[in-house]
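Below, each chain spelled out in residue letters.
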Amino acid sequence: MRDMTKGAPLGHLFFYAVPLLLGNWLQLAYNAVDSIIAGRFIGQDALAAEGIAGPVMNLVILAISGLCIGAGVLMSEAFGAKNEGTLKETLATTLLFGAALCCAVALLGVAAAPLILRSLAVPDEIMRSTDVYLRIIFLGAPFTFFYNALAAGLKSVGDSKTPLKFLAFSAVLNAALDIVLIGGLGFRIVCSAVTTVVAEAASAIMAAWYMVRRVPQLCPARSQWRIRPALLGRILQYGAVTALQQAVQPVCKVLIQGQVNALGVQAIAAFNAVTRVDDFAFTPQQSIATAITTYIAQNRGAGQKQRIRPGFRVGIRLELCYWLLVGSLTWLLRAPIVSLFVAGEGAAEIVALGSQYLGYMALFYALPALTNGFQGFYRGMGKMTTTLIGTCLQAGLRAAGAALLAPRIGLHGIAYACAFGWCVMLCFEIPYYFYTCKKQTL
């Protein structure tokens, strides 16, 4: 465990963020491998089908992680205040409420999958495979929640290394099953969905086993396994707003995916390939933001206000350093990266579309680096509504810009829309940061 209420901010943020960043890279590497296997061994239609189902499932996954992030802030506050009873009760309430909610979402998603796909104007030639893939992935939602909730508990007490180990095992297991069953034995896209669910279940079971055996400070006693209305109210106050905020982005992606679908199967395949690369930039930036959130929440819980602003400034510098690294590599290697995802007829056109898009995005990645840093600050301060407003501004303008530009200038119009949304978000976040610091006497 890592107590961030003492010592230099740089060490805490760096060593907390690095395992999260590595875990995200590992998960994203698996996602990329999954797309490569689908595109090369099953075909272009499978790559497009996974690309369409991805934003829909991200809507569920990010809503789950939003609820867990909100609960994690409360657990970080309790840990900073050295209140072990509240820490355990918060985790128990989160697990019980979230389990019931996710089971309901899974059943609803299975039933509504065809309606969702029809509303996205999915081409007829990939409708059936996308429908089956999406239904199976929906069934894995409860396992995704359990892992995220348990990982949030570990991260709240400063342990970001252990969740990385479980994520690593899950990703390697998933990739190995895909290579053997799809690449070696020739199974189709249904197998890809099943192996994903199996890997999610494995990570959830391992996290639960570890917590019971090694982290008694987090394990609720038998009498604490119930939903406490007062705590649930606070979890929902933080978590529901954060979940809504987390869900806004995939809603935006679904709307953008609808614009991409109208450009044809080649554009769909290119967009799926480049969004895998986008994820390598965006998701680790969120890992640094998570470190900022935990640092600020622990210090706020401990009443160490004087440590908050210096820690935040260090976090912003880490975000920008990451952008310099990833943005440079993406710009230099954009064409070879996209070529990994496709082969055969039409591959040259897809590579050209994807590399043009990535050339613009490599420059624009600095903007979400900054917005994620400010989001981490506001979450740590308990200002969940502020993060929601900023995200809604960004996502709404991004989707509107895509609807305006994509039909006129093609796929790279999506990149321009992204940049516009992030710029407006910063115009809101930066002045409000200084207002918050003045009001809170930070």
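Preceding block: the structure.
Residue indices begin from 1 for each chain and proceed along its sequence in written order. Where local features are concerned, this predicted model is filtered to residues with pLDDT of at least 70; where side-chain atom pairs are given and counted, the filter is 80 or more; whole-chain, interface and lining totals use all residues. Side-chain measures were taken over the full set of non-hydrogen atoms in the model, leaving aside hydrogen atoms and water.

Draft legend 1. Region of the structure containing the overall build of the chain. Runs of H or I in DSSP of at least four residues are treated as helices and runs of E of at least two as strands, each being numbered from the N terminus. Of regular secondary structure, the chain possesses 15 helices and 0 strands. This radius of gyration counts C-alpha atoms alone. The globule rule is 2.2 Å times how many residues there are, raised to the power 0.38. The C-alpha radius of gyration computed for the chain amounts to 21 Å, which stays within 12% of the reference 22 Å derived for 442 residues, consistent with globular compactness. With respect to the principal axes defined by its C-alpha atoms, the chain has extents near 60 × 45 × 35 Å. Across the chain, contacts joining residues at least 24 apart in sequence account for 85% of those joining residues at least 6 apart. Split by element, the accessible area of the chain, about 17600 Å² in all, is 68% carbon and sulfur. Asp and Glu are treated as the negative residues and Lys and Arg as the positive ones, with His and the ends of the chain left uncounted. Note that the charge is assigned to NZ on lysines, CZ on arginines, CG on aspartates and CD on glutamates. Treating the 33 positive side-chain charges of the chain as one cloud and the 19 negative ones as another, the clouds have centres 14 Å apart. Two residues form a contact once any of their heavy atoms are found within 4.5 Å. Surface accessibility in these figures is a Shrake-Rupley result with a 1.4 Å probe; residues are shielded only by whichever protein chains are displayed.

Draft legend 2. Structural view of helix 4 (residues 124-139). Given a rise of 1.5 Å per residue, 16 residues ought to cover 22 Å, and the 24 Å separating the end C-alpha atoms of helix 4 matches this to within 8%. A residue's bend is given by the angle between axes fitted to the 7 residues ending at it and the 7 residues starting at it. Maximum bend of helix 4: about 25 degrees, positioned at Thr130. Burial status follows relative accessibility: with a 1.4 Å probe on protein chains alone, a residue under 20% of its type maximum counts as buried, one over 50% as exposed, and anything between as partly exposed. The set of residues buried in helix 4 consists of Ile126, Thr130, Asp131, Tyr133, Leu134, Ile136, Ile137 and Phe138. To estimate the expected span of a helix, count its residues, drop one, and scale the result by 1.5 Å.

Draft legend 3. Geometry of the nonpolar core. The criterion is simple. A nonpolar core is a set of buried Ala, Val, Leu, Ile, Met, Phe, Trp, Tyr and Cys residues joined through side-chain atoms within 4.5 Å. With 115 residues, the main nonpolar core has Tyr357, Met361, Phe377 and Ile414 as its most contacted residues. Among the elements that line this core, the one with the most residues is helix 9 (residues 265-301), at 15 residues. The residues touching Ile414, leaving out its near neighbours within four places in the chain, are Ile256, Phe271, Tyr357, Ala402 and Ala406.

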